[in-house]
Amino acid sequence: LLYTRLTLLSSLLFPASSFAAFRPPSATRIASSSMSMSSGTSPKKVAILGGGISGLSTASQLLSRHKQSGQSYELEVTVFDTGRLRPGGRCSSRLVGDKPPVVKNQQPQRRACDDDGLQAKNQDGNNMTPQNIHKALLANTNQQGNNDSMARVLNSCGAIDHAAQIVSVPTLDDNSGDMDHFQSQVDEWLKSDVLESFPEGSVCELLDGGEGSSNKLRLEPLQGDMYYGKGGMGNIPLVMRDYCSSFNGFGENYTGQSFRIAQDVWVSPSNGVKYIGNRNRDDNNNSDDDDGGLQWELRAGNKSLGKYHNLVISHNGKCADRIMSRTPAKAFHSLLRTKFAPYVPQWGGREMTLNSIYSLVFAVKSDDASPISKVVSNLCNQDKNDVYTIMIKNEPTLRLLSCNSLKHHHAQNPNFEIYTLLSSPIFGKQFKGPQENLPLDLQEKVVMKMLSNLENSFKLEQGDVSNSVVDLKLQLWGAAVPMNTWSSSSSSNVGGVDGFVYDATYGVGAAGDWILDPSIAGAWESGRRLADWMLKHHEESDKKKGGEWSVGLPDLTNNSNNKEENGKFVPSRVALESGIGSIPPSPNSTFEFPTSSNDGQSQRRQGGGGRGRGGGRGRGR
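Here the structure is a predicted model, which is why all the values come from computation and not from measurement.

(A) Representation of the overall build of the chain within the structure. For the chain, the count of helices and strands is 14 helices and 24 strands. Relative to its full complement of 621 residues, the chain shows a buried share of 57%.

(B) The nonpolar core, seen in detail. Of all hydrophobic cores here, the largest spans 45 residues; its most connected members are Ile 53, Phe 182, Trp 189, Met 233, Ile 236 and Ile 520. Mapped onto this core, the elements with two or more residues apiece are helix H2 (53-69), helix H4 (180-191), strand E8 (227-229), helix H5 (235-245), helix H12 (520-539) and helix H13 (573-578). Broken down by element, this core gets its largest block of residues, 4 residues, from H12. Sequence-distant contacts of Trp 189, that is, excluding residues within four places in its chain, are made with Phe 182, Val 194, Leu 195, Ile 236, Val 239, Met 240 and Trp 524. Formed by 42 residues, the second largest nonpolar core is a distinct cluster that contains Ile 390, Ile 392, Leu 401 and Leu 472.

(C) Molecular detail of helix H11 (residues 440-457). Relative to the 26 Å expected for 18 residues at 1.5 Å per residue, H11 spans 26 Å between its end C-alpha atoms, a close match to the ideal helical length. Extensive coverage of H11 is indicated by the burial of 13 of its 18 residues. Phi turns positive one or two residues past the end of H11, at Lys 459, with a value near 60 degrees.

(D) A look at empty space enclosed by the protein. Enumeration according to the criterion identifies 2 cavities of 30 Å³ or more in this entry. If you trace the second largest cavity, you find it lined by Lys 44, Val 46, Leu 62, Tyr 73, Leu 75, Asn 310, Met 534, Leu 535 and His 538. Those elements that place two or more of their residues in the lining of the second largest cavity are strand E1 (44-49) and H12. If one sorts the elements of the lining of the second largest cavity by residue count, H12 sits on top with 3 residues. Residue composition of the lining of the second largest cavity, by class: 6 nonpolar, 2 polar and 1 charged.

(E) Spotlight on the sheet that holds strand E10 (residues 273-275). With respect to topology, 3 strands assemble into an open sheet ordered E10-E11-E12, the strand pairing being antiparallel. Only two strands of the sheet have a single partner each, and these edge strands are E10 and strand E12 (303-308). If you compare each strand with its neighbour and ignore which way they point, the axes differ by 20 degrees on average. With 5 bridges connecting them, strand E11 (residues 296-300) and E12 associate as antiparallel partners. Across the sheet, Trp 296 pairs through a bridge with Tyr 308, a residue of E12.

(F) Representation of H2 in the model. Given a rise of 1.5 Å per residue, 17 residues ought to cover 24 Å, and the 24 Å separating the end C-alpha atoms of H2 matches this to within 8%. Taken across its 17 residues, H2 has 13 buried, putting it largely inside the fold. Two residues or fewer after H2 comes Gly 70, characterised by a positive phi angle close to 60 degrees.

(G) Broad picture of the environment of Arg 218. Of note, Arg 218 is situated in strand E7 (residues 217-221). The class of Arg 218 is partly exposed, set by a relative accessible area of 30%. Spatially, the C-alpha atoms of Arg 218 and Cys 204 are 9.6 Å apart, while their sequence positions differ by 14 residues. Dropping the residues within four chain positions of it, Arg 218 is found in contact with Glu 205, Leu 206, Leu 207, Asp 208, Gly 209, Gly 210, Leu 379 and Asn 588. Within the structure, the side chain of Arg 218 is placed 2.8 Å from the side chain of Glu 220, a separation counted as a polar contact.

(H) Quick peek at the packing of aromatic side chains. Counting across every chain of the model gives 15 aromatic pairs. Where Phe 182 meets Trp 189, the ring centres are 6.3 Å apart and the plane angle is 85 degrees; that geometry is what we call edge-to-face. For the pair formed by Phe 182 and Trp 189, the shared burial category is buried. Between Phe 198 and Tyr 388 the ring centres are 6.2 Å apart and the planes differ by 55 degrees, which places this aromatic pair in the tilted class. Highlighted residues: Phe 198 in the loop between strand E5 (195-197) and strand E6 (203-208) and Tyr 388 in the loop between helix H8 (371-380) and strand E17 (389-392), separated in sequence by 190 residues. Of the aromatic side chains, those joined through ring pairs into one cluster are Phe 182, Trp 189 and Trp 524. Sitting above the plane of the Phe 340 ring, Lys 432 keeps its charged end 4.3 Å from the centroid.

(I) Highlighting the pairing of E11. Taking burial as the measure, the 5 residues of E11 include 4 buried ones, the bulk of the element. Here 3 bridges tie E10 to E11, and the two strands are oriented antiparallel to one another. Bridge assignment links Tyr 275 to a residue of E11, and that residue is Trp 296. A loop of 2 residues connects E11 with E12, the two strands running antiparallel in sequence, and Gly 301 in this loop sits at a positive phi of about 65 degrees.

Cut-offs used in this document
- Residues numbered from 1 in each chain as written.
- Predicted model: local features only at pLDDT ≥ 70, side-chain atom pairs only at ≥ 80, totals over all residues.
- Heavy atoms only, no water.
- Helix = DSSP H or I, 4+ residues; strand = E, 2+ residues; numbered from the N terminus.
- Buried < 20%, exposed > 50% of the residue type's maximum accessible area, 1.4 Å probe, protein only.
- Core = buried A, V, L, I, M, F, W, Y, C linked by side-chain atoms within 4.5 Å.
- Contact = heavy atoms within 4.5 Å.
- Expected span 1.5 Å × (residues − 1).
- 1 Å grid on protein atoms, 1.4 Å probe; cavity = no way out; pocket = protein on both sides within 12 Å on 5 of 7 lines; lining within 4 Å.
- Points joined across faces, edges and corners; volume = space filled by probe spheres on them.
- Nonpolar A, V, L, I, M, F, W, Y, C, P; charged D, E, K, R; others polar.
- Pairing = 2+ DSSP bridges.
- Axes fitted to C-alpha atoms, helices over the stretch in contact; angles between N-to-C directions.
- Polar contact = N/O pair within 3.5 Å; in protein donor to acceptor, adjacent residues only side chain to side chain.
- Phe/Tyr/Trp six-rings, centres within 6.5 Å; stacked < 30°, edge-to-face > 60°.
- Lys NZ or Arg CZ within 6 Å of the ring centre and 35° of its normal.

That's the geometry; what it means functionally is another story.
So this is what it looks like as structure tokens:
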């Protein structure tokens, strides 16, 4: 036991950055006489795939509630996260000194002009890509320059939020419960300086001036309480991770919980998850097997990641679909099938739908003021408030522009302004490529189109922004924001609300914003609810038959014409409108559901589009 705990302490002080350093939790643990744990009881082991907000929320709630309830059994929670540097998923930040990945034997995608550093040219022989843009892109591919050099502006200025941008507390519909728990968490984070409030008027919408107006543009402040991570949005998951680690007590301080996070670990999509449990358990899901009820084995390549009683899927997209595709949990897996599109029909669609978004982080010289800040300053007139974030409403290919320098007070290098520019989902789909290795010519095309469209949106001359760029980083979020959320008919069995999926027969659950609300709040609350239900199932399994503890599963055997009896995907109107997640509702909304041949089913499948499950005040990504 001492060896086990010393090993755990070592892993916390010196966290592994690769699978090679990961060791699965021990198969058995012997209770010490100085501890309150009952001797002879094997620990309950839970594996969570995904170290984003929902995964860390599930872990923290499992650990905290287990401690509060004073259970006699021990609990081991392990989170597997694919993040190379730290957890967080889409709620992450780039920090000063972050180093690029080391890729061995990489064959970069080059074009003929790359070898001599020349720029791309159009058919007339004129340069399409400015020299400064081309060099920055070459540096990102390690073909020119040094990507981890502190001389690069983006590596030395301060925290940069390149995905999630806004935290707020949504209002859910009557069938989805409330967000009181998350509101309490927000209040606590504010007191402990994890979150910071956006100043009044610092989040605005950019619109054209309109007919009869002497101004070509106008800024309108967005109303509602909004927050961001102090020191970066990535600070939120780091605080959650540290909270989970605080349950790793030793000696007399050990209360029966242990936590570990395995960073930069990829559970194999093809054979990384294997069901090893006994499907013929009794009604209480008990087993007399020697494995003590272990149901899941995880692997990364040919190396074992351990065996677990419960499995939680807290990420989505193709990987989650493939990971569960070969397991016997067919109803559970059916909900993980994913479609990628910038919108869903008014009736919600048949499956989870995720959009794709480009994130362009770029630095411009600020000498007196950059072209962008000059336009914003002129639009603010006498208003002395700084504008941190702009929702772009006058350009269909763009959605958001945020100034990291203002938001995170980049005092390290005041000569530059660092911006994050997010595309619209339609643009992301139009120029979608292999997100792990975008071809250089595609990067050039996307960067120049986004910067050119930004100049058009701000009524600037072509080249005003692109020619002033000194550094940049382009990223494609291929599986970005849910356009719909799963609403099941099992909520009546769990106190009137759900917001998670749990298959009690196989001991596997899912948490995420795609089940409740496309926001940080939705992801956090989904994880909290799932953890509560899993512990309740374990502690009160004698009160119901095993299958009766399942929540949110569709009935694949139901031959009824009314499939909505089992649940349905509901469109999130605010996420569809913003394209970057659920944010405070816009007074300038012009969103309409697209018309298609399938929309004729809308009247049969769902009466009206509504707002989805959330009322519109959640995460802007």
